[in-house]
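Residues per chain are reported as follows:
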Amino acid sequence: MQTSPVLVARDVRVSFGGVPALDGLDLVAAPGRITALLGPNGAGKTTFIRCCTGLVAPEAGSIDLFGSPPGSATARARVGLMPQSTGAWSGITPGHLLRYLARLYADPQPVAELVSRLGIGPFENTPYRRLSGGQQQAVNLAGALVGRPGLVFLDEPTAGLDVRAKRNTWALVSEVRAAGVAIVLTTHDMHEAATLADEVNIVDRGAVTAKGTVAELTRDVDLEEVFLANTTGDRA
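Parameters and conventions
- Residues numbered from 1 in each chain as written.
- Predicted model: local features only at pLDDT ≥ 70, side-chain atom pairs only at ≥ 80, totals over all residues.
- Heavy atoms only, no water.
- Salt bridge = Lys/Arg side-chain N within 4 Å of Asp/Glu carboxyl O.
- Helix = DSSP H or I, 4+ residues; strand = E, 2+ residues; numbered from the N terminus.
- Buried < 20%, exposed > 50% of the residue type's maximum accessible area, 1.4 Å probe, protein only.
- Domains from an automatic or database assignment.
- Contact = heavy atoms within 4.5 Å.
- Buried area = accessible area lost by both parts, 1.4 Å probe.
- Polar contact = N/O pair within 3.5 Å; in protein donor to acceptor, adjacent residues only side chain to side chain.
- Axes fitted to C-alpha atoms, helices over the stretch in contact; angles between N-to-C directions.
- Parallel < 35°, antiparallel > 145°, perpendicular 65-115°, else oblique.
- Left-handed = near helix turned anticlockwise from the far one by under 90°.
- Nonpolar A, V, L, I, M, F, W, Y, C, P; charged D, E, K, R; others polar.
- Pairing = 2+ DSSP bridges.

## Examining the pattern of salt bridges
A full pass over the atoms with the stated rule returns 7 salt bridges. A salt bridge links Arg99 to Glu124; its shortest N-O distance comes to 3.5 Å. In this pair, Arg99 sits in helix H3 (residues 94-102) while Glu124 sits in the loop between helix H4 (111-117) and helix H5 (133-145), placing the two residues 25 residues apart along the sequence. With a closest N to O distance of 3.1 Å, Arg177 and Asp198 form a salt bridge. Taken together, the positions of Arg177 in helix H6 (residues 163-178) and Asp198 in the loop between helix H7 (190-196) and strand E8 (199-204) put the pair 21 residues apart, joining distant regions of the chain. Looking at Asp198, the relative accessible area reads 22%, which means it is partly exposed. Shared partners join several salt bridges into a network, and the residues in it are Asp11, Arg13 and Asp23.

Here it is as structure tokens:
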């Protein structure tokens, strides 16, 4: 298994309308590890993911994915993304969507196995826009994993899920990590981060303000207290 980092971001800077969204963010993600990004709304987590997937071009700094820049053919073939929302999928059914995505990769996951594992079968032929939030999350996760990525970004993967669905998602994410995939996870759920993450990066105002393992960060306090001590609140 590869042990060197598959994602290396250094001093990444992005601004919108003169307001910094990323202000010197550094991050490293390695195979077989879950790297969590915790931060308030507007801290820059989703902007960072968009930079890594080639949707936003940094104004300064560098991002290296498997030795290639974001958006390159090499990066696209090896990176999976589970976004917070996918409005472009509104009219397509999960089964059609996953079969289409599978055809984009040389060695995709069997769609039937993903559909079964994530409980998508009962709504496989229902238009995406008619699915519940939890059902959409299951489809989003399947879409991120269908190409057997070496690096996957999970942006709030359990938001809106009930307890059972959340635990099932955690189990699947842990299996993906055990298979050697590097996972970058954003979440507002401190318990989720404490349960899953190998390393936690707390992000505030576009930069990492604290990082370490859960054990390192919580020697004297819980993760929520660490979060509050290293963030300043939502950005306007």
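## Concerning the domain arrangement of the protein chain
It is common to give the size of an interface as the accessible area lost on bringing the parts into contact. Splitting the protein chain by domain gives domain 1 (7-78 + 149-230) and domain 2 (90-139). A C-alpha centroid distance of 24 Å is found between domain 1 and domain 2. In this complex, domain 1 contributes 11 residues to the contact, which on the side of domain 2 involves 5 residues. Together domain 1 and domain 2 conceal approximately 530 Å² of surface at their shared face, both sides included; 50% is due to carbon and sulfur atoms. Across the domain 1-domain 2 interface, the total number found is 1 salt bridge. We note a salt bridge from Glu175 to Arg117, for which the minimum N-O separation is 2.9 Å. Seen at the junction of domain 1 and domain 2, the total is 4 residue pairs in polar contact (both at pLDDT 80 or more).

## Thoughts on the side chain of Thr35
With respect to the element layout, Thr35 can be found in strand E3 (residues 34-38). In this structure Thr35 comes out as buried when scored by relative accessible area, which is 3%. Beyond its immediate chain neighbours, meaning those up to four positions away, Thr35 contacts Leu27, Val28, Ala29, Ile183, Val184, Leu185, Glu199 and Asn201.

## A short note on unusual backbone geometry
Both trends apply: most residues other than glycine have a negative phi, and most peptide bonds are in trans. Located in the positive-phi region is Asp11, a residue other than glycine, with phi close to 50°. The phi torsion at Arg148 lies on the positive side, around 50°, for a residue other than glycine. When you line up the elements, Arg148 lands in the loop between H5 and strand E6 (151-155).

## Things to note about the packing of H3 against H5
Closest axis-to-axis distance for the H3/H5 pair is 9 Å, and the angle between their directions is 15°. In terms of axis orientation, H3 runs roughly parallel to H5. Of the two possible hands of crossing, H3 and H5 adopt the one that is right-handed. The segment H3 lies against H5, with Pro94, Leu97, Leu98 and Leu101 engaging Val139, Ala142 and Gly143. When the residues that make up the contact of H3 with H5 are grouped by side-chain class, the tally is 6 nonpolar, 1 polar and no charged.

## Looking at the sheet that holds strand E9 (residues 207-212)
Taken together, 6 strands build an open sheet; the order of strands is E5-E6-E7-E3-E8-E9 and the sheet is mixed. Unpaired on one side and paired on the other, strand E5 (79-82) and E9 mark the two borders of the sheet. Within the sheet, the average angular offset between the axes of one strand and its neighbour, ignoring direction, is 20°. Relative to E9, E8 is paired through 5 bridges, and the arrangement is antiparallel. The residue bridging Val203 from the neighbouring strand is Val208, located in E9. Packing against the sheet, helix H1 (residues 45-52) makes contact with E3, E5, E6 and strand E7 (182-186), and its axis sits at approximately 150° to E6. Together, E5 and E6 form the strand contacts of H5, whose direction differs from that of E5 by roughly 175°.

## Quick notes on the sheet that holds strand E2 (residues 19-29)
With respect to topology, 3 strands assemble into an open sheet ordered E2-E1-E4, the strand pairing being antiparallel. Edge strands, defined here as strands with exactly one partner in the open sheet, are E2 and strand E4 (60-65). Ignoring strand direction, the axes of neighbouring strands in this sheet form an average angle of 25°. With 5 bridges connecting them, strand E1 (residues 7-16) and E4 associate as antiparallel partners. What sits directly across from Arg10, in E4, is Ser62.

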